[in-house]
Amino acid sequence: MNHHHVAPTPPMGWNSWDCYGAAVTEKEIRANADYMAEHLKDFGWEYVVVDIQWYEPGAVSSQYRSFVPLEMDEYSRLVPAVNRFPSAADGQGFKPLADYVHGLGLKFGIHIMRGIPRQAAHAATAIKGTSATARDIAHPNSICPWNTDMYGVDASKEGAQAYYDSLFELYAQWGVDFVKVDDIAASRLYDTHLPEIAMIRAAIDRCGRPMTLSLSPGPAPIAHADFLEANANMWRMTDDFWDLWDLLLDMFDRCEQWQGRTGPGHWPDCDMLPLGHIGIRSVDGGGADRWTRFTKDEQVTMMTLWTLFRSPLFFGGELNDNDDWTLSLLTNRDVLAMHRGGTDARLVSRDGDRIVWSSNGPDGVRYVALFNTGDAPLQVGVALEALGWNDGADAAAFDMWASEPLGAVGERLELRVASHGARLVRLS
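These figures come from a predicted structure and were not determined experimentally.

Criteria and thresholds
- Residues numbered from 1 in each chain as written.
- Predicted model: local features only at pLDDT ≥ 70, side-chain atom pairs only at ≥ 80, totals over all residues.
- Heavy atoms only, no water.
- Core = buried A, V, L, I, M, F, W, Y, C linked by side-chain atoms within 4.5 Å.
- Buried < 20%, exposed > 50% of the residue type's maximum accessible area, 1.4 Å probe, protein only.
- Helix = DSSP H or I, 4+ residues; strand = E, 2+ residues; numbered from the N terminus.
- Expected span 1.5 Å × (residues − 1).
- Salt bridge = Lys/Arg side-chain N within 4 Å of Asp/Glu carboxyl O.
- Disulfide = S-S within 2.5 Å.
- Pairing = 2+ DSSP bridges.
- Axes fitted to C-alpha atoms, helices over the stretch in contact; angles between N-to-C directions.
- Contact = heavy atoms within 4.5 Å.

Peer 1: I keep staring at the nonpolar core and nothing clicks. Help me out?
Peer 2: One broad rule of soluble globular proteins: the nonpolar side chains tend to lie buried together. Counting 125 residues, the largest nonpolar core has W45, F168, Y171 and W357 as the members making the most contacts within it. Take this core: its biggest share by element is nine residues, from helix α6 (residues 160-174). The next biggest cluster of nonpolar side chains, apart from the first, holds 17 residues, and it includes V382, L387, W389 and L415.

Right, here's the structure in full:
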């Protein structure tokens, strides 16, 4: 069966990176899962993802400790650090934690780095299902420039596929539903690691458990769009996205480049939503413990672009600290219905600071996003004809963020938009 059935709509969930860096604990994972089950599950949020270095006992922030011992089993596979994930004791791995998340009606995900642990290669440890060792398949010249945990895997070597098969066999036993693979979609040193993506795809297909495959970081090259679509469920269009206006402004260009490539099971990814309480133990993004630096208008702009474009949505803040405003951004049923069911998201016009995007909804509905990227309020408008509204009748306009009708619109929709803000309208 084609892997696109695994993520028929853009995946939605929580990821530990923006608030806890490499240092999240089991207690924090469980607490965020509890919040999601109580407050967000009913709105379609379902994945709880443990981000990087869950196998590093001494991780304390988003700053990686270089060349330190990692927790690993006899087959060269990294396993959870028991001091941070107590339920992983006695070789249980992430199964008890995954069982807890599944018991809440949610799905469980993990982050991994591509490749094989350097410590396994240096020690020539065994690989399940082959006589080859970790040293035999390691590619010591294929390294991550920002993390020392792994060597790449040489796909031409006997035992390479067996290693990835054994990894995903283990993850299936744990009950993993989502795997974010890092240092693979783009690289500062190399091109996209296509052979390792192909081995991972094959390993997932053989493991007997459906898993959503996410590839990081970006920007993934548009030249590889067909390959990425054929092998993954989501892939990053950007490097790590943080709460900085310049990065948000840049995302308009990236969405324009990737428009037309979204569809059931394959989602270009704008990266995480740095909202709410972030930076608790993550010092990336130019800030420490903080609430998002985005203004409320900028938060609406980000949520509007991500949802209309149909990017995956992964919240980055500590969920239990959410205020009413932050929660409201995640639970607007009109906006989330567009995110699930909109089609043909496209740039309609871009004139200076005025940007208009649109997508199609059911029964002739048009969704229209009016953006103002300038530093002062502006009138932003679009002719209904440019949206494919050609039946001659007025359109009934509904403000989706304010949840209120705007009345009838004739030939042109035009609204006042705040600086760095957005208005999202449903026309029917």
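Now that the structure has been shown, we can carry on.
Peer 1: I tried to follow α6 on my own but got confused; where do I start?
Peer 2: Since the α-helix advances by 3.6 residues per turn, residues separated by three or four positions end up pointing in the same direction. Counted at 1.5 Å a residue, the expected span for α6 with its 15 residues is 21 Å, and the 22 Å between its end C-alpha atoms agrees. Most of α6 sits out of view: eleven of its 15 residues are buried. By the burial criterion, the buried members of α6 are A160, A162, Y163, Y164, S166, L167, F168, L170, Y171, A172 and W174.

Peer 1: I'm lost on the pattern of salt bridges in this one. Help?
Peer 2: Two side chains with opposite charge may pair up if their charged atoms get near one another. Following the criterion strictly, the structure yields 27 salt bridges and no others. E28 serves as the salt-bridge partner of R281, at 2.7 Å between the closest nitrogen and oxygen. Here E28 lies in helix α2 (residues 26-40) and R281 lies in the loop between β11 (277-278) and β12 (290-291), a separation of 253 residues in the sequence. Of the charged contacts, one joins R254 and D250 as a salt bridge, the two residues approaching to 2.5 Å between their closest N and O atoms. With a gap of four residues between them, R254 and D250 both fall in helix α9 (residues 245-258), about one helical turn apart. Counted as one network, the salt bridges with shared partners bring together R114, D183 and E196.

Peer 1: Explanation requested: the state of the cysteines in the structure shown.
Peer 2: Among covalent bonds in proteins, the disulfide is the one between the sulfur atoms of two cysteines. Inspection of every chain in the model, using the stated rule, returns zero disulfides. Residue C270 stays outside any disulfide, its sulfur separated by 3.8 Å from that of C255, the closest cysteine.

Peer 1: What should I look at first to understand the environment of G208 in this one?
Peer 2: Along the polypeptide, G208 turns up in the loop between α7 (194-206) and β8 (212-215). G208 sits in the exposed class, given a relative accessible area of 74%. C-alpha of G208 to C-alpha of F168: the two residues are 40 residues apart in sequence and 9.2 Å apart in space.

Peer 1: Looking at this structure, how should I read the sheet that holds strand β9 (residues 234-236)?
Peer 2: Paired through backbone hydrogen bonds, the strands of a sheet run either parallel or antiparallel to each other. In spatial order, the strands read β10-β9-β8-β7-β3-β2-β1-β13; together these eight strands make up an open sheet with parallel pairing. In the strand order of this sheet, the two ends are held by β10 (267-269) and β13 (313-315), each with one partner. Averaged over all adjacent pairs, the angle separating strand axes in this sheet is 25°, with direction ignored. The sheet contact formed by β9 and β10 spans three bridges and is parallel. Note that in β10 the partner of W235 across the bridge is P268. Sheet strands in contact with helix α3 (residues 95-103) are β2 (47-50) and β3 (107-113), and its direction is about 140° off that of β3.

Peer 1: Would you mind showing me how to read unusual backbone geometry here?
Peer 2: With glycine set apart, most residues show a phi of negative sign, and most peptide bonds adopt trans. The amide bond that connects S216 to the next residue, P217, takes the cis arrangement and shows omega of -20°. Along the chain, P217 turns up in the loop between β8 and α8 (225-231). A cis geometry characterises the amide bond from G218 onward to P219, with omega recorded as 5°. Considering the arrangement of structural elements, one finds P219 in the loop between β8 and α8. At D183, a residue that is not glycine, the phi angle is positive and equals roughly 60°. In this structure, D183 sits in the loop between β7 (178-182) and α7. For D183, a relative accessible area of 2% puts it in the buried group. Of note in this structure, S403 is not a glycine but carries a positive phi near 55°. Relative to the assigned elements, S403 resides in the loop between β18 (395-399) and β19 (404-409).

Peer 1: When you look at the sheet that holds strand β4 (residues 116-117) in this model, what are you seeing that I'm missing?
Peer 2: Across the sheet, three strands lie side by side as β4-β6-β5; this open sheet has antiparallel pairing. One side of each edge strand has no neighbouring strand; the edge strands of this open sheet are β4 and β5 (138-143). In this sheet, strand β6 (residues 150-153) lies alongside β5 in antiparallel orientation, the contact comprising three bridges. In the sheet register, I143 faces β6, and the bridge partner there is Y151. α6 contacts β4 and β6 of the sheet and is inclined by roughly 120° relative to β6.

Any functional reading would require information beyond the geometric quantities listed.
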